[in-house]
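Secondary and tertiary structure notes
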Amino acid sequence: MDWLYFWSPRWKRGRVRLDSLRAPAVQFGTHRTIYINDPQNATTVTFRDNSVSTTKYSLLTFLPKGLFEQFRRVANFYFLIIAVLSTTPISDKIINSSPTEVMRSGTWLTVPWSDVVVGDIVRVKTDTFFPADLLCLASTNPDGICYIETMNLDGETNLKIRKALERTWDCIAADQAMGFRGVVECEQPNNSLYTFTGNLIIGKQTLPITPNQILLRGCSLRNTECAVGAVIFTGHETKVMMNTMDVPSKRSTLERRLDRLILVLFCVLFGICFIGAIGSASFVSEKYWYLQLLQADEQYNPKNRVLVAFLNLLTFFTLYSTIIPISLYVSIEMIKFIQSNYFINRDRNMYHLETDTPALARTSNLNEELGQVEYIFSDKTGTLTRNLMEFFKCSIAGTMYGTGEERSSDAIHEKGFNFDDKRLLKGAWRNESESEVCKEFFRLLAICHTVLPEGEETPEGIEYQAASPDEAALVAAAKHFGFFFYRRTPNCVWVRESHVEKFGRIQDVEYEILNVLEFNSTRKRQSVICRYPNGRLVLYCKGADNVIFERLADQGNRFKEITRHHLEKYGADGLRTLCLAYVDLDEDEYIAWNEKFVQAKSSLRDREKKMDDTAELIEKNLVLLGCTAIEDKLQEGVPTCIETLSRAGIKIWVLTGDKMETAINIAYACSLLTNEQRQFVISSETPAIRQAEDKGDPIEVAKVIEETVREALTSAMAEAQSIESSHDGRDLALVIDGKCLSYAFDPQLRHTLLQLSMRCKAVVCCRVSPLEKAKVTKLIKDGANKITLSIGDGANDVSMIQAAHVGVGISGKEGMQAVLAADFAIAQFRFLTDLLLVHGRWSYNRISKVVGYFFYKNLTFTLIQFWFNLFAGFSGQRFYDDWFQSLFNVMFTALPVIVVGIFDQDVDATRAKEFPQLYRAGIKNLYFNWPVLARWLFFGVYQSLVCFFIPMKAGWGAINADGKTFGLWDLGTMAYTGVVTTVNIRLALAVTFLTKWHHITIWGSIAAWYIFVFVYCGIPPGKVLATQDNVYYVIFNLMSTAYFWLMVVFVPCVALSGDFLYQGSLTIVSCVQNTGFSFDTPEFESFFASQEGVKAPARSWDIAQRVSMNKRRTGRKKKEKEHRGGLREALPRIPPLKHPSSSSLDQTPPPPGGDRNLI
């Protein structure tokens, strides 16, 4: 056999999966200079054009990217060797050709987006998208404001306001836009959607540019006739394009283990090829003169044994290449695709009717990973809770308000407002002893925010557009207390105040907004500086309690301690709290501060830090007014879901930005924490740390916190080890806040934190930032090497979602960023039960069985050729016909394993959730490990010996009907028939639930072999197909002998006897132990299930029992139909294990998917 046979196109099979790569953009300099509407100066600077391409490959990058992605899989390196031996990109024409209006030659000219260049002035009309990142110059609305929708960027549907700089308001007119000249100095392109640093220079005037003046590509203009902007970033330099490329590529743990298995099989392949090469070099000799080896080609020249060994090594690589399952990846991808798009996406049990949101598998690569998750990291707000914020209680001037009970019949009912206290409503607050403090409290709620009002300017007709639900709830509360916010411009807000001066009087008051110090995760507060109509200058501030308390004045805060007590009580009740404070400002003090603030806003370097530092200068000496308490109820089914997942062996961590008391209360409410647990609480709110913070020395504070964390972790670790060694059965839990957590990540403490947290059943991390969430996830993912899942609903959860093995996004109230970054999307936390315990477990079991079976059948098929070459002088002679070998994986064994990967299930969905302990098999990886694979491979070797030697010995010297002895192709066809029959029946024995599709594909594949061989062997040589002369009429000669029919029955029986004996031995052991099945083998429905009385699945050794029960089942069908109301009968199954508590389960489960309500 010529080694050039390697070049056959037959060996160029296998599906290649490619993931997009992103090369980081290289930028030079610290800022860019843009000449607006100035073509002469603009030629001195070169920018990227405005056309974009979202294709994964281009003509230049297709080859290197494709090779890189393909060879990340070890198996594909092997495929390359076989291929060596033996683009049309998707167009973005529609987007690039979208029209927009650009100022050219004094008029608005319609051009495609691809022709827009940096420095152009662009006009965008309502309900259209911005073609590039623009600096807003003007709009048709008063004061240069416009409204935009950012849904394509972050999924948020609420409108946001953008305001042009006052100096450019007149650019809305064509003649003014034509004559406008200016220079923009700004940051280099980056992927930060919410920050921008730059200055607009007009003449000698320098104006700072903030994110409020930037219109990003991907956003659309709303409620504004048109807006005019100057192009800042184009094409791939726009922020939306910078974000679309930074997506991590994830591979499942099973797939990575599969790579190691491929390496093992490659070593086996090299080993048998090397044995064959050495054997062929040893065999060739001049003494076999009748073979005429000297007249043959160099491949068999006995005078050059080294060359013979090398050439035959290549020949054997081709001959035995089927040991590597080339079609495995294609089959797995097909199975995963159907699992995701049919079973997961269409599962009605994960469909949320209220929001019309089904489950969504955004990738099919991680299906089996869902069946091995051991750690879940969850956000709290919007994930465990509903994120439907309602104003519930408040504390004003040291007095608590709000009944906290069901609202009375005459109470106000409105979204975001669940407050009932007659002391404050309908103007009754004027009768309180601290009515002036109440008035200041309500004004702060009405003024200190960034909410946009929409609709009629009446309390009934208005609708608030807010960045977060809690901010909208606070403004709605102010309305019901008599301070109705109804209009906003960039510089003013209007509040309709009732009952302020006297009962029944209403007045509209205009407050000038001088500065807005916005909320961010670092500041954890928001401030507004406003001027009253009478000239009063005041700073209103609301934020987290620890942040506000640090900035209170030393004198005059008589409600500080009582408010702190109220905050603790609200936190214990699981409410979200904010502290409210104010300070009156001196005019001169404000003017001096504002100059510094303007300078900070104009800085091109570290602008955000400088603005935060400048805000610190004025946000001080605050006077505390009180605090608010907002209720965010748990989602439906969260406690039950967490309890079920815990029984499945999954450890759940809650990572939240809320205060510790709130987080602990929510953890108790959802059954994550219980009174029976030993809880370790590591908090920065200790007397020692507070005392250090009061001194104001940051070095001393850091030293005290580090020492406190070290002592707490060491003490907790010692106690945890003591409890573990005593075996008292108590569960452990850890609660830690973000400040302590940052010190616990120190390399000296990191290992202790990891060991302690792994011993805990539940962990609650509070006051943590998005970056700390990702660090906690990686601590377990990398440090403990456990399968992790992160779930969240907001933009602050994206880093955590991307850091975990599996990311799940919840379609919530905080936009779609979490969903867009996730691998799977669901509408409610409780759907995790179905996603993990049902679909995840099924996928893991199925894929594990598919992979093991693939290697088994390919090893069995290939070793038969190896055994034959031991008899053929290691000549490299084929034992099978070419078409037989090519169609083995394509036609005769392909469909059954795919059907098993799609439909196989050991228990139905209901019982998988009823007995979640079954899931622990996946956590322990009992279905895909080396012992399991070794059994598959052992029986593959055994069955290959049976399928070769029995036909070989039986056919040795046998004579057909024509009086001729059996030849090579007769024996090869007989052995091929045996191996096709054996591997298909072996798959039937491995199936735990037989459906009609299993029967059709398994028996149909065997029938397909007979149909094919009848047709193929009946075609005369040279007719239709270029068949081998040797196989013509072979099958008909074989079938005329008794040898063939004996082999058809005898070979599969002997080959599969090993499986029967092995499974039977397990049955004997399990019967002796009276546990149903052996605990340490994957062929069980689970030790836990047997203890609970769940019936065992049908196994290979139950075939005889199945057959013997057919009559009993036939007689029982009528009774069962009457009992079930005529429901469709399931396929025959073995009777359930008898158990005192299993009487209710003594029914046959429905067919795969039968209990899943599919859309």
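Preceding this section is the structure that the text describes.
Residues numbered from 1 in each chain as written. Predicted model: local features only at pLDDT ≥ 70, side-chain atom pairs only at ≥ 80, totals over all residues. Heavy atoms only, no water.

Each helix and strand counted, the chain has 38 helices and 33 strands in total. The buried share of the chain, taken over its 1159 residues, is 57%. If you sum the accessible surface of the chain, you get close to 49100 Å²; carbon and sulfur atoms cover 56% of it. (Helix = DSSP H or I, 4+ residues; strand = E, 2+ residues; numbered from the N terminus. Buried < 20%, exposed > 50% of the residue type's maximum accessible area, 1.4 Å probe, protein only. Areas by Shrake-Rupley, 256 points an atom, 1.4 Å probe, with all protein chains shown as cover.)

Here the focus is the environment of Pro-459. With respect to the element layout, Pro-459 can be found in the loop between strand 18 (452-455) and strand 19 (462-465). Residue contacts for Pro-459: discarding those within four places in its chain leaves Lys-479 and Phe-484. (Contact = heavy atoms within 4.5 Å.)

Turning our eyes to something else, we now look at the nonpolar core. Residues Val-851, Phe-879, Tyr-976 and Trp-1009 are the most contacted members of the largest nonpolar core, which totals 91 residues. Element by element, the count of residues in this core is highest for helix 26 (residues 832-871), at 15 residues. When near neighbours in sequence (up to four residues on either side) are disregarded, Phe-879 contacts Ile-864, Gln-865, Phe-868, Phe-948, Met-952, Leu-968, Trp-969, Leu-971, Gly-972 and Ala-975. (Core = buried A, V, L, I, M, F, W, Y, C linked by side-chain atoms within 4.5 Å.)

Direction vectors running N to C along helix 26 and helix 28 (residues 894-903) enclose 160°, while the axes themselves pass 8 Å from each other. It follows from the interaxial angle that helix 26 and helix 28 lie roughly antiparallel. As for how helix 26 packs across helix 28, the hand of that crossing is right-handed. Packed against helix 26, whose contacting residues are Arg-846, Lys-849, Val-850, Tyr-853 and Phe-854, the element helix 28 presents Val-897, Val-900, Gly-901, Ile-902 and Phe-903 at the interface. (Axes fitted to C-alpha atoms, helices over the stretch in contact; angles between N-to-C directions. Parallel < 35°, antiparallel > 145°, perpendicular 65-115°, else oblique. Left-handed = near helix turned anticlockwise from the far one by under 90°.)

Attention now moves to the state of the cysteines. Evaluation of the coordinates by the stated rule reveals 0 disulfides. This cysteine, Cys-765, is not joined by any disulfide, and Cys-766 carries the nearest cysteine sulfur, 7.5 Å off. Exposure remark for Cys-765: the relative accessible area of 2% places this residue in the buried category. (Disulfide = S-S within 2.5 Å.)

On to the pairing of strand 8 (residues 182-186). Side chains Gly-182, Val-184 and Cys-186 project from strand 8 onto a buried face, and the interleaved Val-183 and Glu-185 project onto a face without burial. Two strands pair when backbone bridges link them, and strand 1 (residues 32-36) and strand 8 are joined in this way by 5 bridges, in the antiparallel orientation. What sits directly across from Arg-32, in strand 8, is Cys-186. (Pairing = 2+ DSSP bridges.)

The next thing to look at is the packing of aromatic side chains. Considering all chains together, one arrives at 56 aromatic pairs under this definition. Ring centres of Phe-871 and Phe-948 lie 5.7 Å apart, and the angle between their planes is 55°; on these two criteria the pair is classed as tilted. Highlighted residues: Phe-871 in helix 26 and Phe-948 in helix 31 (residues 930-955), separated in sequence by 77 residues. Overall, Phe-871 belongs to the partly exposed group, its relative accessible area being 42%. Its relative accessible area of 1% is what places Phe-948 among the buried residues. Judged by centre distance (5.4 Å) and plane angle (75°), the rings of Tyr-880 and Tyr-976 are edge-to-face. One end of the pair, Tyr-880, is in the loop between helix 26 and helix 27 (882-892); the other, Tyr-976, is in helix 32 (residues 968-990), with 96 residues separating them in the sequence. The exposure class of Tyr-880 is buried, given its relative accessible area of 0%. (Phe/Tyr/Trp six-rings, centres within 6.5 Å; stacked < 30°, edge-to-face > 60°.)

With that settled, consider the pattern of salt bridges. Under the defined criterion, the tally for this structure stands at 43 salt bridges. Between Arg-32 and Glu-237 there is a salt bridge, with its nearest N and O atoms 2.8 Å apart. Each member of the pair Arg-32 and Glu-237 is classed as buried. Arg-251 is paired through a salt bridge with Asp-259; the nearest N and O atoms lie 2.8 Å apart. For Arg-251, a relative accessible area of 13% gives the class buried. When its relative accessible area of 7% is taken as the criterion, Asp-259 is described as buried. Overlapping salt bridges, with partners in common, bring together Arg-525, Glu-550, Arg-551, Glu-616 and Glu-619 in one network. (Salt bridge = Lys/Arg side-chain N within 4 Å of Asp/Glu carboxyl O.)

Spatially, 9 strands are ordered 17-16-26-25-24-23-22-21-20 in an open sheet, and the strand pairing comes out antiparallel. Of all strands in the sheet, those bounded by a partner on one side alone are strand 17 (399-401) and strand 20 (483-488). When the angles between neighbouring strand axes are averaged without regard to direction, this sheet yields 30°. Relative to strand 22 (residues 506-517), strand 21 (residues 492-498) is paired through 7 bridges, and the arrangement is antiparallel. The partner of Arg-496 across the bridge, within strand 22, is Asp-508. Against the sheet, helix 14 (residues 560-572) touches strand 16 (390-396), strand 17, strand 25 (576-584) and strand 26 (623-631), its axis set at about 10° to strand 26.

To continue, consider the pairing of strand 4 (residues 121-125). Among the 5 residues in strand 4, 4 count as buried, and that is most of the element. One ladder, built from 2 bridges, connects strand 2 (residues 99-104) with strand 4; its direction is antiparallel. Across the sheet, the residue bridging to Glu-101 is Arg-123, located in strand 4. Pairing of strand 4 with strand 13 (residues 226-233), which is carried by 5 bridges, proceeds in the antiparallel orientation. From the neighbouring strand, Arg-123 faces strand 13, where its bridge partner is Val-228.

Bringing a nonpolar patch on the surface into the picture now. Residues Ile-1011, Phe-1014, Val-1015, Tyr-1032, Tyr-1033 and Phe-1036 make up a contiguous nonpolar surface patch of about 550 Å² in total accessible area. Here the nonpolar patch gets 3 residues from one element, more than from any other, and that element is helix 33 (residues 996-1017). In this fold, Phe-1036 is placed in helix 34 (residues 1034-1039). (Patch = residues over 30% accessible without salt bridge, like charges linked within 9 Å, V, L, I, M, F, W, Y side chains within 5 Å.)

Time to look at the environment of Trp-1009. Note on placement: Trp-1009 falls in helix 33. The spacing of Trp-1009 and Val-980 is 29 residues in sequence and 7.9 Å in space, taken between C-alpha atoms. Filtering out sequence-adjacent residues up to four positions away, Trp-1009 remains in contact with Phe-884, Phe-892, Thr-973, Tyr-976, Thr-977 and Val-980.

In this section: the sheet that holds strand 9 (residues 198-202). Taken together, 4 strands build an open sheet; the order of strands is 1-8-9-10 and the sheet is antiparallel. Bordering the open sheet on either side are strand 1 and strand 10 (205-209), each of which pairs with just one other strand. Direction aside, the axes of adjacent strands within the sheet are offset by 20° on average. The pairing of strand 8 with strand 9 spans 4 bridges and is classified as antiparallel.

Our focus in this paragraph is helix 22 (residues 747-759). Looking only at helix 22, the buried set comprises Leu-749, Leu-753, Leu-754, Leu-756 and Ser-757. Here helix 22 starts with a cap whose side-chain oxygen sits 2.9 Å from the backbone nitrogen of Gln-748, and that cap is Asp-746. (Polar contact = N/O pair within 3.5 Å; in protein donor to acceptor, adjacent residues only side chain to side chain.)

Quick look at unusual backbone geometry now. We note that Asp-127 has phi near 65°; this positive angle belongs to a residue other than glycine. As for its position among the elements, Asp-127 is in the loop between strand 4 and strand 5 (133-139). Positive phi values are uncommon outside glycine, yet Ser-671 reaches one of about 65°. As for its position among the elements, Ser-671 is in the loop between helix 18 (660-669) and strand 28 (678-682). On the basis of relative accessible area, Ser-671 is assigned to the partly exposed category, the value being 33%.

Where helix 27 meets helix 33, the closest approach of the two axes is 11 Å, and the angle between their N-to-C directions is 150°. In terms of axis orientation, helix 27 runs roughly antiparallel to helix 33. Of the two possible hands of crossing, helix 27 and helix 33 adopt the one that is right-handed. Counted together, Trp-883, Phe-884, Leu-887, Met-891 and Phe-892 of helix 27 and Ser-1005, Ala-1008, Trp-1009, Phe-1012, Val-1013 and Tyr-1016 of helix 33 form the full contact between these two elements. Of the residues belonging to the contact of helix 27 with helix 33, the class tally is 10 nonpolar, 1 polar and no charged. (Nonpolar A, V, L, I, M, F, W, Y, C, P; charged D, E, K, R; others polar.)

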